[in-house]
Structure formats: C-alpha cells, structure tokens
Amino acid sequence: DQQVKQNSPSLSVQEGRISILNCDYTNSMFDYFLWYKKYPAEGPTFLISISSIKDKNEDGRFTVFLNKSAKHLSLHIVPSQPGDSAVYFCAATLDFGNEKLTFGTGTRLTIIP
Amino acid sequence: NAGVMQNPRHLVRRRGQEARLRCSPMKGHSHVYWYRQLPEEGLKFMVYLQKENIIDESGMPKERFSAEFPKEGPSILRIQQVVRGDSAAYFCASSPNILAGGLNEQFFGPGTRLTVL
C-alpha cells in the first residue's frame with residue numbers, strides 16, 4: 001500500500017529552467033510533508049518541508065506547494081543548476097509526535113547543461 | 001560537528017549468517033531511526049528508538065530483525081539468518097529532542113549496503 005506516490009521516475013530539465021517534481025498521497029491524516037535530496041552512495045538530505053496548515057513554503061530556489069484537497073504537493077526548483085541532479089524523495093508524517101516518515105519512490109532529476 | 005555515521009558501508013553475508021549494522025547519531029541527538037531501501041523503491045521505515053527504549057517498531061519484520069540503542073555506544077540493527085531478500089541499503093537517521101511546535105528533522109547517515117549471497 002503505497003501511501004506516498006511519485007509517479008515520474010525520472011525528469012530531465014535544461015539548466016536555468018524550472019524543475020517541477022510532483023508527489024501524491026492517499027492518507028488524509030498526514031500532517032507534515034518533506035522533500036529530501038539524495039546523491040548516489042549518500043544518505044538523503046533534508047531540503048524543505050511544509051505543514052498541512054500552509055499551502056506554500058519557500059526557501060531560496062526551492063518552493064513547495066501543497067494542495068490538500070487534491071492530496072498533491074510539488075517541489076519547484078528555479079533556476080535549475082547542474083548540482084541539482086539527484087534523486088528527490090517526497091515524505092510525509094502524521095503529526096509532530098509521530099516520527100515515522102513515509103517516503104515516495106523517488107524521482108531522478110537530471111539537469112542538462 | 002560530525003554527521004550521522006554508519007558502519008560498515010558495505011557488508012556481504014552468506015545466507016544464514018548474521019548481519020550487524022551500526023549507527024552513531026549526531027552529537028546531542030537522542031533519537032534514532034532505521035529505514036530500509038530495496039532496489040528501485042523508496043525508503044521504508046523500520047524502527048524508531050530513543051536511548052534504551054524502542055518507541056515504534058511497526059516497520060520491523062516480525063522475525064530475525066532486532067534493534068537496540070543502548071545508553072552507551074551506537075545503535076545496532078541486527079539481522080539473524082539473513083536471506084537474499086534482505087539485500088538492501090539500510091539507512092539510519094537521528095534527530096534531537098522534539099522542540100515544542102517544531103518538526104523534528106531527521107538527519108541521515110550514508111547507509112550500509114547489505115548484500116546476501
């Protein structure tokens with residue numbers, strides 16, 4: 001039962017353009033959503049998060065949008081840079097006290113110079 | 001401040017042997033989590049521990065798997081009588097004590113890649 005889904009296994013974007021990574025979830029009880037970035041042979045690195053009470057959170061080149069009614073969130077990276085090439089995982093958690101993260105299957109982003 | 005450390009980075013075992021994976025959390029962190037990533041899949045939660053306590057082990061297989069986080073020393077994930085299906089990357093994460101009103105961000109180690117022959 002995949003509660004967090006990333007339906008695009010891969011995405012290629014030209015350097016300087018916007019990268020949009022999508023994530024859907026099925027559990028309406030999820031309270032917090034996070035994006036992690038992962039390079040080969042390394043652990044995931046936290047990128048940005050959003051609470052279910054918000055619909056947008058921005059941090060530099062990274063913006064996460066949350067559409068609760070559609071159970072959908074997206075990560076926007078603009079402008080995309082070659083160093084952004086990595087696998088991006090969407091994750092969700094039920095509440096502050098519940099530390100269990102539920103991850104999507106990941107999207108491999110390739111930035112084309 | 002050193003990050004989360006895991007060792008070994010690579011571990012090869014034959015079927016039926018035991019695998020021991022170690023995780024040293026970041027300094028000052030008292031919460032440890034273990035996740036498993038099978039090929040072409042996302043990370044799956046296994047267990048959440050605080051010092052000397054298992055808080056949530058809902059993701060742990062019922063048999064052969066155990067985890068501990070002693071008062072002193074690293075957290076250990078132990079897999080007894082390994083089978084080929086245990087081959088995966090095992091990631092450990094740590095976080096500090098929960099701050100009121102804040103999300104308890106998890107910092108991940110580089111993982112241990114277990115191969116069962």
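Residues numbered from 1 in each chain as written. Chains lettered and ligands numbered in written order. Predicted model: local features only at pLDDT ≥ 70, side-chain atom pairs only at ≥ 80, totals over all residues. Heavy atoms only, no water.

**Quick look at the pairing of strand β5 (residues 45–51) of chain A**
Successive side chains on a regular strand alternate, one facing one side of the sheet and the next facing the other. Keep this limit in mind: To sort residues, take the accessible area from a 1.4 Å probe on protein chains only and compare it with the maximum for the residue type: under 20% means buried, over 50% means exposed, and anything in between is partly exposed. Going along the chain from the N terminus, every DSSP run of H or I of four or more residues is numbered as a helix, and every run of E of two or more is numbered as a strand. For two strands to count as paired, DSSP must find a minimum of two bridges between them.
Of all 7 residues making up β5(A), 5 are buried, and the element is well covered by its neighbours. Two successive antiparallel strands, strand β4 (residues 32–38) of chain A and β5(A), enclose a turn made up of 6 residues, where A:Ala41 displays a positive phi of approximately 65°.

**A look at the packing of aromatic side chains**
Counted only if it meets this: In this analysis, rings of Phe, Tyr and Trp, with Trp reduced to its six-membered ring, are considered paired at centre separations within 6.5 Å, and the interplanar angle assigns stacked below 30 degrees, edge-to-face beyond 60, and tilted for intermediate values.
Counted under the stated rule, the structure contains 12 aromatic pairs over all chains. Between A:Tyr25 and A:Phe33, the ring centres sit 4.6 Å apart and the planes meet at 40°, which makes this aromatic pair tilted. Residues A:Tyr25 and A:Phe33 agree in their burial class; the two are buried. A centroid spacing of 5.6 Å and a plane angle of 90° characterise the contact between A:Phe103 and B:Tyr35, whose relative ring orientation is edge-to-face. Taken together, the residues A:Phe103 in strand β10 (residues 102–103) and B:Tyr35 in strand β4 (residues 31–37) connect one chain to another. The same class applies to A:Phe103 and to B:Tyr35, which are both buried.

**With respect to the pattern of salt bridges**
Residues and elements named next belong to chain B. Here is the rule we go by: Think of a salt bridge as a Lys or Arg side-chain nitrogen and an Asp or Glu carboxyl oxygen that are within 4 Å of each other.
If you walk through the whole model with that rule in mind, you get 6 salt bridges over all chains. Glu18 is the salt-bridge partner of Arg78, the closest N and O atoms lying 3.9 Å from each other. Separated by 60 residues along the polypeptide, Arg78 in strand β8 (residues 75–79) and Glu18 in the loop between β2 (10–13) and β3 (19–24) bring together distant segments of the chain. Glu18 gets classed as partly exposed once you look at its relative accessible area, which sits at 33%. Members of the salt-bridge network, linked through shared partners, are Glu18, Arg20 and Arg78.

**Describing the sheet that holds strand β6 (residues 56–59) of chain A**
Residues and elements named next belong to chain A. Spatially, the 5 strands line up as an open sheet ordered β1-β3-β8-β7-β6, and their pairing is antiparallel. What marks the edges here is a single partner per strand, and that holds for β1 (4–5) and β6. Looking at chain direction, β1 and strand β3 (residues 19–25) are connected through 2 bridges and run antiparallel. Looking at β3, one finds that Val4 is bridged to Tyr25.

**So, the sheet that holds β3(B)**
Residue and element names in this part refer to chain B. Applied cut-off: Inter-axis angles, ranging from 0 to 180 degrees, are taken between N-to-C directions of lines fitted to C-alpha atoms, where helices are fitted over the stretch in contact.
Spatial ordering of the open sheet is given by β1-β3-β8-β7, a layout of 4 strands whose pairing is antiparallel. Looking at the sheet topology across the chains shown, the edges are occupied by β1 (5–7) and β7 (65–68). Taking each pair of neighbouring strands and ignoring which way they run, the sheet shows an average axis angle of 15°. Relative to β3, β1 runs antiparallel, the two being bridged by 3 bridges. Within the sheet, the bridge partner assigned to Asn7 lies in β3 and is Arg22.

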